[in-house]
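Summary of the model geometry
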Amino acid sequence: MNALAPETLVSRLRQWRLWVYAALALLLGVLVVQAAHKVMAEVSYAAVVAAVRTTPWTALLLSVLATALSYLALTYYDRSALAYAGARLPQRVVAKTAFIAYALSNTIGLGVLTGGAVRMRLYGAAGLEAGLISRAIVFNAFGFGLGVVVVGAAALVWGAGTVQTVFGAPPGLLRGLAVVVLLAAGAFIGFCRFGGVQPVFRGVSIRLPSASLASQQLLISAVDVVAAAAALWFLLPSGAIPFPAFVGFFALAIALGVISHVPAGLGVFEAVMLLALGQHVPAEQLAGALVLYRVIYHLLPLALAVLMLAGTEWQRGAATPVVKAASALSPLLLSAFTWVVGVVLLVSGVTPATDDATELLSRFMPLPVVEAAHFLGSIAGLALLFVARGMFLRLDAAWWAGLGLALVSLVLCLPKGIAVSEAALLLVLAGSLALSRKHFNRRAALFAQAFTWGWLAAVAAVVVAVTALLFFAYRDVDYANQVWWQFEFDGHAPRSLRALVAVCLITLVVALGQLLRRPRGTLVKPDAGALDQASRIVRAQPVAGAGLVMMGDKSLMVSESQRTFIMFGRRGRSWVGLYDPVGPVAEWPELVWRFVEQAREAGGRAAFYQVRPEGLPVYLDAGLRVYKLGECALVDLPGFSLQGKQRANLRHGVARAQREGLSFEVLEPAAVASGFDELQVISDAWLGKHQTAEKAFSLGAFRRDYVLRQPVAVVRQGGRMVAFATLLCTDQRLEASVDLMRQLPDAPRSAMDFLFAQLILHFQAQGYQRFNLGMVPLSGMAQHPLAPNWHRLGRLLFNHGENFYNFQGLRAFKEKFDPVWEPRYLASPGGFAPFFILADVAALIAGGLRRVITK
């Protein structure tokens, strides 16, 4: 039998994965439809409301306590993950970060992304490196998955007799499978006693945690899952189903909800529980319990997290980095909370008020006020769904709109149905917004930014769900044309129907407006005037590499103040900013947001190439993820010297170059023109020897207009130029760097060492603080066995990719100067986007994908 080629195998695996996802999506869809049909057929809205209202206070209190225990256990997830990764942080920082991260991810889903962003911000502010935080996130996910499986298996051992009625399998078989899972978990913990790095498959190894840490993590996971299950179980009728069997069903529902990638497993979790427990718990009581569970376990922690972040605004005197980072997360949580409040208002708009509230309103409130309050409350709920995106984008207009809508809706709560619970949520939202005003500093119109199709689809899904809820709540009402025009205190169905039609029409108008939205103007390369302006900005800031803007091959996005710009290239769908924004740091966030939004509006993907660690929060706030590219070598100029044992090799190389008659000189831009022809000869000879062409984007090219704008360092031998380097520096005299570095084929081998040593001494004498030797790609990738796949791939290429690039040789050359190594990152969307973006970056540098291969 012939073996499959690797590329064929990969292609088939991708096809199978798509088929598996499609089958899983179909299965989950069938479950949701069946559960919805069951509820619609067997349960009435009034019965569900009655079940909610008759739930004992003791059950509610026990559910809240179980929720508190579950979230307490969740905080220890992070503690174990950080311990495994070898990091230590104060428990108060870990607990606060974990609570906020889980409150957000448990409510809106996408835990690795939303919770990951929170951890990146807060743990990063506490001093942890991005790669270390990524490893902790991966360990968290593994620990949660293992805990769900083990707890589900343990519950199956005790409750197989109850569970078999759903699965149709003999209890003995179910217990046997559960015991196998538990034995496997025990074997894993036993295997952890060996510790260290252990091989798993050929070429794949992992570093096992200690047996005590593995046991601790399993115990934490068990406490979390069991407590979360108890939070729902306490809300069910007493004795309806044994707790062990219930935990098994709960673990299955949680697992399917996570796999579905539906935010918070909404619909999937409920469908599994309704189908699994239908024979044990009356449908209306189960539906009521699920509603209360969502409020207690999901909505309540999110509200507390919002209040916690709002409280940090009062800590004016304790502005530690972690407090500042936590405070900066306010827009993200307020966006999620605003979305939830908007959904609550829409649900309120399509459901009837209680009889007691209707009676009070009929006695003390005019009917037109009640009708208007109900109608406007639904419109406000829809508006909050759109405002939530503006809050995520930190728009000033979104803050004003959100605060105004919250206050107006708060006033409307009384006449629309004495909605006390809505009023409490709106008070939290309004108060938190009032305290977080400073974080919404982007001055732009709310609808000036295009809504993504994902956001519009989410709004449409909410509207569809609310429509289904309306028909469920009023399915006993006979439809007639006259229903539209019934205005009575107890005319709940006509009132809800009118509000829903208005909501649907507004949603349709906004969607059509986005569809017909004109794209922004086409991008053009900067002209001479724009380059002169960019040159002035570059000279006024400290980063030397920004001088690459003078190549003129990149487009520019300039801030409103004309003091900051982003230089970027565009290829295919990739919009790639080179380095961080150039200019005052205070203007970076707004410019990054504009760049991301414009790329997204044009159907592209925004990214930033070779960004520094201090700028990472800006990109995380804009919804991007960070991936390490390598490390940049920075020579500390005040402390540099050729003396001492450590610099012996470099010192001997300089002495040898001087014996060979080499001399060093820096030509200022005005003097470069007279020697340009000699420089041209060196450049052509260097290109010919290496059989390569000029590069672009992140590298300069030997062009007369570009070279004549910069100082040039030259090495002469007997009066003849044999090597040169074009220099990048600014008026701030903080950082200097080189761009083009070329030499004649017959130049002495010591020429480049001599050139760099003399350049470092030259800029040291000029008062500069650091000399940038440039980035070594894929250098400094994490060696930890639990390192993300990105680091594993980078380390593999760095160690074995000599045929593609001299990674190790380049690092060895720069190590001669004893530099400080500072990481450089790619900020981009997640998934497969980084690979496509880096391919486009390579094409931008080489002048096309064809030249990437042919040089």
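Residues numbered from 1 in each chain as written. Predicted model: local features only at pLDDT ≥ 70, side-chain atom pairs only at ≥ 80, totals over all residues. Heavy atoms only, no water.

Within the protein, the regular secondary structure consists of 31 helices and 13 strands. A burial count over the protein gives 51% of its 855 residues as buried. When contacts within the protein are restricted to residue pairs at least 6 apart in sequence, those whose partners lie at least 24 apart make up 74%. (Helix = DSSP H or I, 4+ residues; strand = E, 2+ residues; numbered from the N terminus. Buried < 20%, exposed > 50% of the residue type's maximum accessible area, 1.4 Å probe, protein only. Contact = heavy atoms within 4.5 Å.)

The subject of this paragraph is the sheet that holds strand E12 (residues 770–777). Backbone hydrogen bonds are what pair the strands of a sheet, in a parallel or an antiparallel way. The 11 strands are arranged E3-E4-E5-E6-E13-E7-E12-E11-E10-E9-E8 in an open sheet whose pairing can be described as mixed. With partners counted over all chains shown, the strands left at the sheet margins are strand E3 (555–558) and strand E8 (662–667), one partner each. Each strand axis lies, on average, 30° off the axis of its neighbour in the sheet, ignoring direction. Two elements, strand E7 (residues 625–636) and E12, share seven bridges in a ladder whose sense is antiparallel. Residue pairing for E12: Asp636 is matched across the bridge by Arg770. Contacting strand E9 (712–717), strand E10 (720–729) and strand E11 (735–743), helix H25 (residues 676–690) crosses the sheet at an angle of about 95° to E10. Docked against the sheet, helix H27 (residues 751–765) engages E7, E8, E9, E10, E11 and E12, running at close to 50° with respect to E8. (Pairing = 2+ DSSP bridges. Axes fitted to C-alpha atoms, helices over the stretch in contact; angles between N-to-C directions.)

Turning to the environment of Gln769, a few remarks are in order. Structurally, the position occupied by Gln769 is in the loop between H27 and E12. Taking the C-alpha atoms as reference points, Gln769 and Asp636, separated by 133 residues in sequence, lie 6.3 Å from one another. Not counting the four nearest positions on each side in its chain, Gln769 is found in contact with Val635, Asp636, Leu637, Pro638, Arg733 and Leu734. A distance of 3.3 Å separates a polar atom in the side chain of Gln769 from the backbone oxygen of Gly767. (Polar contact = N/O pair within 3.5 Å; in protein donor to acceptor, adjacent residues only side chain to side chain.)

Right, let's get into the confidence of the model for the protein. Interpretation of this model should avoid reading the predicted coordinates in detail wherever pLDDT is low. For the protein, the average pLDDT comes to 80, and 82% of its residues sit at 70 or higher. The secondary structure element of the protein with the lowest average pLDDT is helix H1 (residues 6–42), at 54, and the one with the highest is strand E6 (residues 605–611), at 92. With pLDDT under 50 throughout, residues 1–15 is counted as low confidence; its partners more than four residues away or in other chains account for two contacts. (pLDDT = per-residue confidence, 0-100.)

Residue placement: Ser574 occurs in strand E5 (residues 574–578). Judged by relative accessible area, which is 0%, Ser574 ranks as buried. In terms of polar contacts, Ser574 uses its side chain to reach the side chain of Arg605, at 3.1 Å. Setting aside chain neighbours within four positions, we find Ser574 in contact with Gly569, Arg605, Phe836, Ile837 and Asp840.

Before going further, it helps to spend a moment on the pattern of salt bridges. Counted under the stated rule, the structure contains 20 salt bridges. With a closest N to O distance of 3.3 Å, Glu371 and Arg495 form a salt bridge. Taken as a pair, Glu371 in helix H15 (residues 367–392) and Arg495 in helix H19 (residues 492–515) lie far apart in primary sequence, 124 residues in all. Just as Glu371 is buried, Arg495 falls in that class too. (Salt bridge = Lys/Arg side-chain N within 4 Å of Asp/Glu carboxyl O.)

The next point concerns the packing of aromatic side chains. Using the criterion set out here, one finds 25 aromatic pairs in the structure. Their ring planes at 45° and their centres at 5.2 Å tell us that Tyr71 and Tyr297 sit as a pair that is tilted. Pair noted here: Tyr71 is in helix H3 (residues 57–85) and Tyr297 is in helix H11 (residues 283–312), with a separation of 226 residues, a long-range link. Take Tyr71 and Tyr297: they sit in the same class, and that class is buried. Between Phe392 and Trp593, the ring centres sit 5.7 Å apart and the planes meet at 90°, which makes this aromatic pair edge-to-face. Of this pair, Phe392 sits in helix H15 while Trp593 is found in helix H21 (residues 588–601), placing the two residues 201 residues apart along the sequence. Owing to a relative accessible area of 2%, Trp593 belongs among the buried residues under this scheme. (Phe/Tyr/Trp six-rings, centres within 6.5 Å; stacked < 30°, edge-to-face > 60°.)

A few words on unusual backbone geometry. Positioned with a positive phi, Gln610 is a non-glycine residue whose angle comes to about 65°. The topology assignment puts Gln610 in strand E6. For Phe697, which is not glycine, the phi torsion reads 60° and is therefore positive. Summarising the element assignment, Phe697 is placed in the loop between H25 and helix H26 (704–707). On the accessibility criterion, Phe697 (2% relative accessible area) is buried.

Moving on to helix H4 (residues 91–108). End to end, H4 covers 26 Å across 18 residues, agreeing with the expected 26 Å (1.5 Å per residue, within 8%). Summarising burial for H4: 14 of the 18 residues are buried, a large majority. (Expected span 1.5 Å × (residues − 1).)

Among the nonpolar cores identified, the biggest contains 126 residues, and Leu232, Phe246, Leu277, Tyr293, Phe337 and Phe608 are the most heavily contacted of them. Here this core takes 13 residues from H11, the largest share from any one element. Discounting residues that sit within four places of it in the chain, Leu232 has contacts with Phe246, Phe250, Phe269, Met273, Ala289, Leu290 and Tyr293. Val672, Val722, Leu740 and Tyr768 belong to the second largest nonpolar core, which has 47 residues in total. (Core = buried A, V, L, I, M, F, W, Y, C linked by side-chain atoms within 4.5 Å.)

Let's shift gears to the environment of Ala353. Tracing the backbone through its elements, the reader meets Ala353 in the loop between helix H13 (330–349) and helix H14 (355–364). Ala353 sits 65 residues away from Ile418 along the chain, and the two C-alpha atoms are 8.2 Å apart.

A few words now on the pairing of E12. Pairing geometry for E11 and E12, over three bridges, is parallel. Considered in E12, the bridge of Ser737 is made with Asn772. Crossover E11 to E12 through H27 is right-handed. (Right-handed = clockwise from strand over helix to strand, strands pointing away.)

A cluster of nonpolar side chains, Leu69, Leu72, Tyr76, Leu219 and Val223, forms an exposed patch at the surface whose accessible area comes to about 420 Å². Taken together, the elements giving at least two residues each to the nonpolar patch come down to H3 and helix H8 (211–233). At three residues, the largest contribution of residues to the nonpolar patch is made by H3. (Patch = residues over 30% accessible without salt bridge, like charges linked within 9 Å, V, L, I, M, F, W, Y side chains within 5 Å. Areas by Shrake-Rupley, 256 points an atom, 1.4 Å probe, with all protein chains shown as cover.)

To continue, consider the packing of H3 against H4. Axis separation between H3 and H4 bottoms out at 8 Å; the angle between their running directions is 120°. Remark: the crossing between H3 and H4 carries right-handed chirality. Facing Tyr71, Leu74, Thr75, Tyr76, Tyr77, Asp78, Arg79 and Leu82 of H3, the residues of H4 in contact are Gln91, Val94, Ala95, Ala98, Phe99, Tyr102, Ala103 and Asn106. Of the residues in the contact of H3 with H4, the class split is 11 nonpolar, three polar and two charged. (Left-handed = near helix turned anticlockwise from the far one by under 90°. Nonpolar A, V, L, I, M, F, W, Y, C, P; charged D, E, K, R; others polar.)

Take the pairing of E5 next. For a regular strand, side chains alternate in direction, first toward one face of the sheet and then toward the other. By the criterion of burial, E5 is predominantly enclosed, with five of the five residues buried. Side chains Ser574, Val576 and Leu578 of E5 all project onto a buried face; the interleaved residues Trp575 and Gly577 project onto the opposite face, where all are buried too. Note: strand E4 (residues 565–571) against E5, four bridges, orientation antiparallel. Counted as the bridge partner of Arg570 is Trp575 from E5. Counting the residues that bridge the hairpin from E4 to E5 gives two residues, and of these Gly572 lies at a positive phi of roughly 60°. Where E5 lies against E6, five bridges are found, and the strand directions are parallel. Pairing of Gly577 across the sheet is with Phe608, part of E6. A crossover connection joins E5 to the parallel E6 through H21; in handedness this β-α-β unit is right-handed.

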